[in-house]
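Chains, contacts and geometry: an overview
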Amino acid sequence: MYQNNKKNMKVRIFIVTYKDDFPWLKYLLRSLEKYAEGFSGITIVSDYISSEDTIPEDTLNVVKSIPLDVFYVKPPDNTPWLSEEWGPARPGYYWQQWLKLSCFDYCNEDICMQIDSDCILKSKLTPEDLQSKAGKWYWNFRPWSSIPEPRWKLYTDKMIGMETVNQGMMDRTFIFTRDVTKRLLEYCGKQFDLQELTWEYISGNKIKFSEYCMYGSFIELIDKSPAYEVRVFPSAMEYRGIKEQFSVKYWSYGGMTEAIKKEYESYLE
C-alpha cells in the first residue's frame, strides 16, 4: 500500500496573483492565517511591471503564523494571451496558468497546494484533509459529458495526446508534486517535439491549455502516480458538498460586491 511519510511531509501553499486580484488576496491570506494548519509556508508569485504592482503591506501583514515568501515576476512583453481568438481575453490568463506549472521554481518543498487568490477558506484545512486514509492525494474528476460546454476538452486532448473522458478541474485546492509536474512538462513537450514544454513555445504558437485539466488527465491516464487517488463523480452536483466543505470561490473578474464582502467577512469573524 502506498503511504506518504506524513511525519516529514512539507506542503507549501502556492498562490499566483496580480494587481487586480489584490483585494481578493487579502481575504484569502486572512483566511489562511485563521484556518490553514500544518503547512510549511505560503509562496505568492505576482506580476510586476511598476511600483503599482506591489502587494500592499497591510495585505501581507495579516499573515503572522505561517512563513511567507513573495516573488515578483515581469510578465511577458508580447500579448497573444489577450486575443479573444486564443481564449479568454483577460490579461495574463495563460501566463498565470503557466506560473502555476512553474511553482517548484519558487519553493524548496516537493509538494504544493495550489489555490487561486479569489478563493477563501471558511473552515480549518490541513494537508491531511486532502488525502485518503492511505496517504494519497485526492484528485477529483467528473465526466466531460456531464458538462454543458466542455470548453477545455479539445485542448486537454491535444496536450495529453489522446481523447480524455473526465475533466479534472473540480476543486479549489490542487496538490502538485515536484516529480509529477516535471514528468508532465516533459510529456507535454514531447507532443511538440520538445524536451520539455516551455512558455516561449506556448506563447509563440498560441497553444491553449488548462493547467488543472492537463495535470489531472496526466495522472489519470498517463503517469498514474501512486501518490494520487483518482475519484470520478457523476457530475459537479454530486461533488458539491465535498467541494464546499473548506472553501468558497467567486471569479474575481466578476468584481468584488458588497454582498461578497459581507459573506467573506462572516467566515473571518
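In the block above lies the structure referred to throughout.
The model shown is predicted, which means the values in this text are computed figures rather than measured ones.

1. Concerning the pattern of salt bridges
Summed over all chains, the structure comprises 18 salt bridges. A salt bridge links Glu37 to Lys124; its shortest N-O distance comes to 3.5 Å. Taken together, the residues Glu37 in the loop between helix H1 (22-35) and strand S2 (41-47) and Lys124 in the loop between strand S5 (119-121) and strand S6 (137-143) connect sequence positions 87 residues apart. On the accessibility criterion, Lys124 (47% relative accessible area) is partly exposed. Between Arg240 and Glu244 there is a salt bridge whose closest N-O contact spans 3.1 Å. Taking relative accessible area as the criterion, Arg240 reaches 45% and is therefore assigned partly exposed.

2. Quick word on the sheet that holds strand S4 (residues 111-115)
Pairing in this open sheet of 5 strands is mixed, and the strands run S3-S2-S1-S4-S8 from one edge to the other. Only two strands of the sheet have a single partner each, and these edge strands are strand S3 (68-73) and strand S8 (173-177). Going from strand to strand, the sheet's axes swing by 25° on average, the running direction of each strand aside. Bridge count between S4 and S8: 5 bridges; the pairing is antiparallel. Note that in S8 the partner of Met113 across the bridge is Ile175.

3. What to know about unusual backbone geometry
Even without glycine at this site, Lys206 takes up a positive phi of about 50°. Looking at where Lys206 falls in the secondary structure, it is placed in the loop between helix H6 (199-204) and helix H7 (211-222). Within the chain, Lys224 stands out as a residue other than glycine whose phi angle is a positive 50°. In this fold, Lys224 is placed in the loop between H7 and strand S9 (228-232).

4. Here we look at the environment of Glu33
Mapping Glu33 onto the fold places it in helix H1. Residues contacting Glu33, with those up to four places away along its chain left out, are Val62, Val63, Lys64, Ser65 and Ile66.

5. Thoughts on the sheet that holds strand S7 (residues 166-167)
If you walk across this open sheet you meet the 3 strands as S7-S6-S9, and the pairing is mixed. Two strands bound the open sheet, and with one partner strand each, they are S7 and S9. Across 2 bridges, S6 lies against S7 in antiparallel orientation. Note that in S7 the partner of Arg142 across the bridge is Gln167. Against the sheet, H7 touches S6, S7 and S9, its axis set at about 100° to S6.

6. Digging into the pairing of S8
Among the 5 residues in S8, 5 count as buried, and that is most of the element. Side chains Thr173, Ile175 and Thr177 project from S8 onto one buried face, and the interleaved Phe174 and Phe176 project onto a second face that is buried too.

Cut-offs applied
- Residues numbered from 1 in each chain as written.
- Predicted model: local features only at pLDDT ≥ 70, side-chain atom pairs only at ≥ 80, totals over all residues.
- Heavy atoms only, no water.
- Salt bridge = Lys/Arg side-chain N within 4 Å of Asp/Glu carboxyl O.
- Helix = DSSP H or I, 4+ residues; strand = E, 2+ residues; numbered from the N terminus.
- Buried < 20%, exposed > 50% of the residue type's maximum accessible area, 1.4 Å probe, protein only.
- Pairing = 2+ DSSP bridges.
- Axes fitted to C-alpha atoms, helices over the stretch in contact; angles between N-to-C directions.
- Contact = heavy atoms within 4.5 Å.

Coordinates in, geometry out; function isn't part of it.
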